[in-house]
Amino acid sequence: MIDGVATDSSSTPSPGGSGGEAKPRRARRTRMTGAERRQQLLEIGRTLFAAKGFEATSVEEIAAKAGVSKPVVYEHFGGKEGLYAVVVDREMRRLLDMVTSSLTAGHPRELCEQAAFALLDYIEEYTDGFRILVRDSPIPQSTGSFASLISDIATQVEDILGREFKLRGFDPKLAPLYAQALVGMVALTGQWWLDVRRPKKAEVAAHLVNLAWHGLDGLEQKPHLIGRRKS
């Protein structure tokens, strides 16, 4: 493939007949559509951003990997920043969709398990995407950040906790605080597990839910501080 164009390396006999040397036939070129080229650049950018980070990745390298010139990258994304923003947006949507769609069970403890599995599944299946998300975004106008994504996921969990708090006689106004704490715990553990990958995913999920669930199970309605500091 040359410059994103598929070539045909087959040959045809020379005019001298079947006994002559084969003369290469002119390459038949099939150009990528605009959508195919855009997808190719997104995948290449995603791989490079995950491996090297935003600053260390150049437009020249992206173009070279795609077999195109730099202006092609600018034509599709306006530059490296535009490409990065689209990659981040796609990964954020993918993770949020995975978490949201996983919350199907009725029992709160199983919902916690499903949320933990959704994040760990994403880390396992889309490792490059997660590496990009957990890095601090170098673009102030980026489509979002890992912190904002965690906040979005916490909003989903907040509704679940709010219902449980009402049933148990707790103040449902505190549900957002606990949602942020629980989701943050899973997210930080996920960042650690990203590299170590031990113990196995199901065991990690079980321990996360064990801490979250039994902590909630013994929750005090009005927690108090036991140290000297009170404010």
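Before any of the text, the structure's been laid out above.
In what follows, the accompanying structure is described. (Residues numbered from 1 in each chain as written. Predicted model: local features only at pLDDT ≥ 70, side-chain atom pairs only at ≥ 80, totals over all residues. Heavy atoms only, no water.)

1. Quick look at the pattern of salt bridges
- Throughout the structure, instances matching the rule amount to 10 salt bridges.
- Asp 89 serves as the salt-bridge partner of Arg 93, at 2.9 Å between the closest nitrogen and oxygen. One end of the pair, Arg 93, and the other, Asp 89, are both in helix α4 (residues 80–102), 4 residues apart, so they sit about a helical turn from each other.
- By relative accessible area, Arg 93 is classed as exposed at 54%.
- Note that Glu 124 and Lys 201 form a salt bridge whose closest N and O atoms lie 2.7 Å from each other. Pair noted here: Glu 124 is in helix α5 (residues 108–125) and Lys 201 is in helix α9 (residues 201–217), with a separation of 77 residues, a long-range link.
- The class for Glu 124 is partly exposed, based on a relative accessible area of 41%.
- If you follow the salt bridges from partner to partner, you end up with Arg 46, Glu 91 and Arg 94 in one network. (Salt bridge = Lys/Arg side-chain N within 4 Å of Asp/Glu carboxyl O. Helix = DSSP H or I, 4+ residues; strand = E, 2+ residues; numbered from the N terminus. Buried < 20%, exposed > 50% of the residue type's maximum accessible area, 1.4 Å probe, protein only.)

2. Some words on the nonpolar core
- Counting residues in each nonpolar core, the largest one holds 53 residues, and the members touching the most others are Phe 49, Ile 62, Leu 95 and Leu 133.
- The leading source of residues in this core is helix α8 (residues 175–196), at 8 residues.
- Apart from residues lying up to four places away in sequence, Phe 49 is in contact with Phe 54, Thr 57, Ile 62, Lys 80, Leu 83, Tyr 84, Val 87, Ile 132 and Arg 135. (Core = buried A, V, L, I, M, F, W, Y, C linked by side-chain atoms within 4.5 Å. Contact = heavy atoms within 4.5 Å.)

3. A short note on the environment of Asp 121
- With respect to the helices, strands and loops of the structure, Asp 121 is situated in helix α5.
- A C-alpha to C-alpha distance of 9.4 Å links Asp 121 and Leu 95, two positions 26 residues apart in sequence.

4. Topic: the packing of aromatic side chains
- Taken as a whole, this structure holds 7 aromatic pairs when the rule is applied.
- Where Phe 49 meets Phe 54, the ring centres are 6.0 Å apart and the plane angle is 25°; that geometry is what we call stacked. With respect to class, Phe 49 is no different from Phe 54; both count as buried.
- Between Tyr 122 and Phe 130, the aromatic rings sit 6.3 Å apart at their centres with planes inclined by 70°, giving edge-to-face as the arrangement.
- Taking relative accessible area as the criterion, Tyr 122 reaches 0% and is therefore assigned buried.
- Judged by its relative accessible area of 0%, Phe 130 is buried.
- Joined through ring pairs, the aromatic side chains of Phe 49, Phe 54 and Tyr 84 make up one cluster.
- Lying over the aromatic face of Phe 54, Lys 80 brings its terminal NZ or CZ to 4.2 Å of the ring centre.
- Residue placement shows Arg 197 over the ring face of Trp 193; its charged tip is 5.2 Å from the ring centre. (Phe/Tyr/Trp six-rings, centres within 6.5 Å; stacked < 30°, edge-to-face > 60°. Lys NZ or Arg CZ within 6 Å of the ring centre and 35° of its normal.)

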